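Spelled out from the first residue to the last, the chains are:
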Amino acid sequence: IKNVTLPNTITYIGESAFEGCEYLASINIPNSVTEIGDWAFTGCKRLSSISIPSSVTKIGEGTFYYAQWLETIDLPDTITYIGPSAFDSTDFYYSLPYDVVYIGKVLYVCRGECPTNLVVKEGTVSIADKAFGDAGYINSGYSELESVTIPSSVKYIGESAFYNCSNLAQVNFDGNLDYLGKHAFGNTTWYNAQPDGVVYAGNFAYKYKGECPEQVTIADGTAGITAWAFQNCSILSKINIPSSVKYIGDSAFYGCSNLENINIASSSQLKSMPLSAIEQTKWYKNKDYGPVYAGNVLLAYKLPYGEDGPREIILNSDTVGVVDSVFMNCMVLSSLTFSKNLTNILPHAFDYTYIDTINFKGTRND
């Protein structure tokens, strides 16, 4: 494939859509597209320029990775998320200035020498994964960074964003986050100076530090629990989660083998909680076969080993979320009915299924 023309009915360019099309020299992105998926143009090494329209707000992980000759990318100010390695190994990346680099509303990366005291630009919505550090490499952070001030406009701080910034002692949050990635402040002076207990970064429960007790209560007003936050807290048997928590990250309670009571407030606003967060806990293992809920989020459909599950499932009327691969073991499921309150379906929710009919009661707005 050398040239591609897309119609203006396209709203999403999916994961790996053109990956490995090494002869692709030109493609138009129509104004109807709002998101470009992970690895969509990886390895398109003859693509030299591309224009991203103002309709696009999200560019996924590795989207243009190893598109070697890609030198010119017209990027709009509407972009609010850029995944890790989105532009790595391209001429465009190598041409970026040696400075703190902003792309649209994203603080994308720091190249060259980092400032001692960083004040993130007003209007910035997200700080990209690995912008200043990387948990995968030793001494990869910027040791010269000592303080960072994060404005209220920032809602997303990515994985390993400040990891290994060993002298980062002061982190000032002026607002509330919607997402905080794992290892975001790992191996920093700021984290090391925090007292034992739940370490909060803004309105997120970032990590449990020290020896975990049998019972933990998350503070009221907390919006989320970061991935791996309670990793290997084997003594923990009960956790109280307030209604304000909307997000619980991947493997949040990994290795919490004695956790048998996850007390989620009845008025919970929880929208997203992957099964990996709790699948190693007693709480999950003791659940009856059938739908397993955390608050109003459907986590799994638990079946006895070897059984194919029901042919029809009608979800509770108050279900607001459905997580990743929730129906993957329901091999004969052919009809699924959602309530009108459903607002969130995670990617791959229907992988490995043979569903013929999906019914929505009411109107969804996403």
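For the structure itself, look to the data block above.
Here goes a summary of the coordinates provided. (Residues numbered from 1 in each chain as written. Predicted model: local features only at pLDDT ≥ 70, side-chain atom pairs only at ≥ 80, totals over all residues. Heavy atoms only, no water.)

1. Notes on the packing of aromatic side chains
- Applying the stated criterion across every chain, the model contains 22 aromatic pairs.
- Geometrically, the ring pair formed by F18 and F41 is stacked, given 5.4 Å between the ring centres and 10° between the ring planes. Taken together, the residues span a long stretch of sequence, with F18 in the loop between β2 (12-13) and β3 (26-27) and F41 in the loop between β4 (35-36) and β5 (49-51) at a distance of 23 residues.
- The buried category is assigned to F18, whose relative accessible area is 13%.
- Its relative accessible area of 0% is what places F41 among the buried residues.
- Summarising the aromatic geometry, the rings of F185 and Y206 are spaced 6.1 Å apart at their centres and angled 80° between planes, so their arrangement reads as edge-to-face. Of the two residues, F185 is situated in the loop between β16 (179-180) and α2 (189-192) and Y206 in strand β18 (residues 204-209); the sequence distance between them amounts to 21 residues.
- What makes Y206 buried here is its relative accessible area of 4%.
- Through pairs of rings, three or more aromatic residues link up here, namely F132, Y142, F162, F173, F185, W190, Y191 and Y206.
- The residue whose ring lies beneath K121 is Y102, and the NZ or CZ to ring-centre distance is 4.4 Å.
- A cation over a ring is seen here: K209 above Y191, with NZ or CZ 5.3 Å from the ring centre. (Phe/Tyr/Trp six-rings, centres within 6.5 Å; stacked < 30°, edge-to-face > 60°. Helix = DSSP H or I, 4+ residues; strand = E, 2+ residues; numbered from the N terminus. Buried < 20%, exposed > 50% of the residue type's maximum accessible area, 1.4 Å probe, protein only. Lys NZ or Arg CZ within 6 Å of the ring centre and 35° of its normal.)

2. Quick word on the pattern of salt bridges
- A full pass over the atoms with the stated rule returns two salt bridges.
- Taking the shortest distance from any N to any O, the salt bridge between E22 and R46 comes out at 3.8 Å. Of the two residues, E22 sits in the loop between β2 and β3 while R46 sits in the loop between β4 and β5, which places them 24 residues apart along the sequence.
- For E22, a relative accessible area of 31% corresponds to the partly exposed category.
- Residue R46 is classed as partly exposed on the basis of its relative accessible area of 29%.
- Across the pair E35 and K58 runs a salt bridge whose closest N-O atoms are separated by 3.8 Å. Residue E35 is found in strand β4, and its partner K58 is found in strand β6 (residues 58-59); the two are separated by 23 residues along the sequence.
- Since its relative accessible area comes to 25%, E35 is described here as partly exposed.
- The exposure class of K58 is partly exposed, given its relative accessible area of 31%. (Salt bridge = Lys/Arg side-chain N within 4 Å of Asp/Glu carboxyl O.)

3. Quick word on the environment of T9
- With respect to the helices and strands, the residue T9 is situated in the loop between β1 (3-4) and β2.
- Relative accessible area serves as the criterion here: at 62%, T9 is assigned to the exposed category.
- Sequence-wise, T9 and P30 are 21 residues apart; in three dimensions their C-alpha atoms are separated by 8.2 Å.

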